[in-house]
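# Notes for the structure review
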Amino acid sequence: MHALRLLLRLSLFNLFAAALACAALLAPRAASAEALLLIEADSGKVLQADNATIPWYPASVTKIMTAYVTLKAVKDGKLTLDTLLTVSPTAASQSPSKMGFRPGTQLTVDNALKMMLVKSANDMAVVLAEGVGGSIDGFSAMMNDTAMKLGMTQTSYVNPNGLPADGQITSARDLGILARSFLRDLPEYESFVHIPAIRFGKRVTGNFNKLIGRYPGADGFKTGFICASGYNLVASATRNGRRLIAVVLGANSGTARAVKAAQLLERGFSQDNLSWLRPSLGTVENLVPVDASPPNLRDDMCGGHRKRPASDDDDALIATNGGTTGSASATGGEAQVTFFTAGLQPPLMKASELMASAAASAEPVLVYTGPTRTGTALIAAVAADADQQVTPKPRGKKSRVAKKPDAADKPKDTSKDAGKDTKPVAAKPDAKPGDAKSGTKSDTKTAARPAASKHAAAKPDAAAKPAVSGDQAAKPAKPKAATKPAAKPAPNNS
């Protein structure tokens, strides 16, 4: 009988060990390369924490602190949302994503905040930093002082936008503390963190946080990406008066971070009846920091295996781990194991269910340069910004149009004499609308005219030939080669 009891205990132990091993095998394989945190906004109670206290590169979620420090200064009366700020050469020189305003451009604190939080504009973060703190270094000191006061013991800032820099570090724990502090200390300004889209002139930019307008109840916060950090997201949502905050660091696509955040939130909202099954994890402030170096995910995020350059605005539907749309691999295998490992809760949404539908329609918030305006003055300001946006577009088209007639006119010119060949070339600028200040265009035309005259004078009989010679074919190619570098966009690591 005693032997039978021992055998039964051993069998139960082995069964339990096997179950744990199975759960470990089914758990997301990328757990060591990402950090996850789910907390209650009001109480700070931790509902889930995976690698939440490992140091991480924040990327553009840094801008949550930039907004916090700026809006705290507004609340304390040090400036107003209508205060005019000026784009400095330093701000204009920031890497994309950015608005791209020229030095000397002025805009309000209100508009700079909206551009920074929706478009993740790195130049606007510097504009705010210089306007509030006097300089990037001065504002960074304010950010670090604020982080210390809030209990963000794993965080240090070097710049206000999160572009790669030594010493720019945070953790999921600290970002949870920051998001809670924002909601607690600045409730009158929380609308800044869930704007669905902005309209600047004719250009509409949607929020990089893909939960806004898609996940029911989503109401904040901010995305971030640099190669070293992977895809980061701090997200919040409210359901039945209960607000949760999810932090995802190191996801391998823009969609993966949104799906993981949605799954965390969904898990939290469905835990009410099963919370007694879970051990208490305490509050976010009581999570114990890990003394380690932040992981560098550059090879995984920006290596040669990617089909296109990674950026914060990543619309890829699946991660790069070989999954298919709507499969568990799109979320690291998490969707298929939560029923087993999370207290027999209902299955969570799939990536396809979250991302297949378009975001709910919402009127974009108008942003503009210059002082605060209303009524007809606002309409005029928006129209003026739109007119400035149109300027570069015709230039790009004109450079292409300028090339096409050169190539297309040669067969026509071959049937005309030298005198007639010169006239259409001289008439081209008059026939084209808009200004022609582009140095590329004037160089192209100047180079093309003497070449046409020289051919007409040297070889009048050759004008009758329908075929184009090798020299003639090469000439129109030169302007194309000259214009290509100007057309390439700057790298985007925001």
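Quick caveat: nothing in here was measured; it's all calculated off a predicted structure. (Residues numbered from 1 in each chain as written. Predicted model: local features only at pLDDT ≥ 70, side-chain atom pairs only at ≥ 80, totals over all residues. Heavy atoms only, no water.)

### So, the overall build of the chain
- Helix and strand counts for the chain stand at 16 helices and ten strands.
- In the chain, buried positions account for 47% of the 494 residues.
- Taking the contacts inside the chain whose residues are at least 6 apart along the sequence as the reference set, 68% of them involve residues at least 24 apart.
- Summed over all atoms, the accessible surface of the chain reaches about 24,100 Å², with 58% contributed by carbon and sulfur. (Helix = DSSP H or I, 4+ residues; strand = E, 2+ residues; numbered from the N terminus. Buried < 20%, exposed > 50% of the residue type's maximum accessible area, 1.4 Å probe, protein only. Contact = heavy atoms within 4.5 Å. Areas by Shrake-Rupley, 256 points an atom, 1.4 Å probe, with all protein chains shown as cover.)

### Examining the pattern of salt bridges
- Evaluation of the coordinates by the stated rule reveals twelve salt bridges.
- Between Glu-188 and Lys-75 there is a salt bridge whose closest N-O contact spans 3.4 Å. Residue Glu-188 is found in the loop between α7 (172–185) and β5 (197–200), and its partner Lys-75 is found in helix α2 (residues 62–75); the two are separated by 113 residues along the sequence.
- Taking the relative accessible area as the measure of exposure, Glu-188 reaches 43% and is therefore partly exposed.
- Between Asp-174 and Arg-173 there is a salt bridge, with the nearest N and O atoms lying 2.6 Å from each other. In this structure, Asp-174 and Arg-173 share a single accessibility class: buried.
- One continuous salt-bridge network, built from bridges that share partners, spans Glu-190, Asp-219 and Arg-243. (Salt bridge = Lys/Arg side-chain N within 4 Å of Asp/Glu carboxyl O.)

### Points about α2
- Taking 1.5 Å of rise per residue, 14 residues should cover 20 Å, and α2 covers 20 Å from first to last C-alpha, within 8% of that figure.
- Most of α2 sits out of view: twelve of its 14 residues are buried.
- Restricting attention to buried positions, one finds in α2 the residues Thr-62, Lys-63, Ile-64, Met-65, Thr-66, Ala-67, Tyr-68, Val-69, Thr-70, Leu-71, Ala-73 and Val-74.
- Positive phi appears at Gly-77, one or two residues downstream of α2, with a value of about 85°. (Expected span 1.5 Å × (residues − 1).)

### A short note on the packing of α2 against helix α6 (residues 136–150)
- Direction vectors running N to C along α2 and α6 enclose 95°, while the axes themselves pass 10 Å from each other. By the angle between their axes, α2 is roughly perpendicular relative to α6. Where α2 abuts α6, its residues Thr-62, Met-65, Thr-66, Tyr-68, Val-69 and Thr-70 lie against Phe-139, Met-142, Met-143, Thr-146, Ala-147 and Leu-150.
- Classifying every residue of the contact of α2 with α6 by side-chain character gives eight nonpolar, four polar and no charged. (Axes fitted to C-alpha atoms, helices over the stretch in contact; angles between N-to-C directions. Parallel < 35°, antiparallel > 145°, perpendicular 65-115°, else oblique. Nonpolar A, V, L, I, M, F, W, Y, C, P; charged D, E, K, R; others polar.)

### Side note on the nonpolar core
- Counting residues in hydrophobic clusters, the biggest one holds 94 residues, and the most contacted among them are Met-65, Met-124 and Leu-211.
- Counting residues per element, this core draws most heavily on α2, at eight residues. (Core = buried A, V, L, I, M, F, W, Y, C linked by side-chain atoms within 4.5 Å.)

### Description of the pairing of strand β1 (residues 35–40)
- Of all six residues making up β1, six are buried, and the element is well covered by its neighbours.
- Residues Ala-35, Leu-37 and Ile-39 of β1 are buried on one face, and the alternating residues Leu-36, Leu-38 and Glu-40, pointing to the opposite face, are buried as well.
- Two strands pair when backbone bridges link them, and β1 and strand β9 (residues 242–251) are joined in this way by six bridges, in the antiparallel orientation. If you follow Ala-35 over to β9, its bridge partner there is Leu-249.
- Here four bridges tie β1 to strand β2 (residues 46–50), and the two strands are oriented antiparallel to one another. Following the sheet pairing, Ile-39 is matched in β2 by Val-46.
- Counting the residues between successive antiparallel strands, the hairpin from β1 to β2 contains five residues, one of them, Gly-44, with a positive phi of roughly 80°. (Pairing = 2+ DSSP bridges.)

### What to know about the sheet that holds β5
- Taken together, three strands build an open sheet; the order of strands is β6-β5-β10 and the sheet is mixed. A strand with exactly one partner marks an edge of an open sheet, and here the two such strands are β6 (203–206) and β10 (365–367). On average, each strand axis in the sheet is tilted by 30° relative to the strand beside it, whichever way the strands run.
- By the bridge criterion, four bridges tie β5 to β6 in an arrangement that is antiparallel. The residue of β6 that forms the bridge with Arg-199 is Val-204.
- Against the sheet, helix α4 (residues 109–119) touches β5, β6 and β10, its axis set at about 125° to β5.

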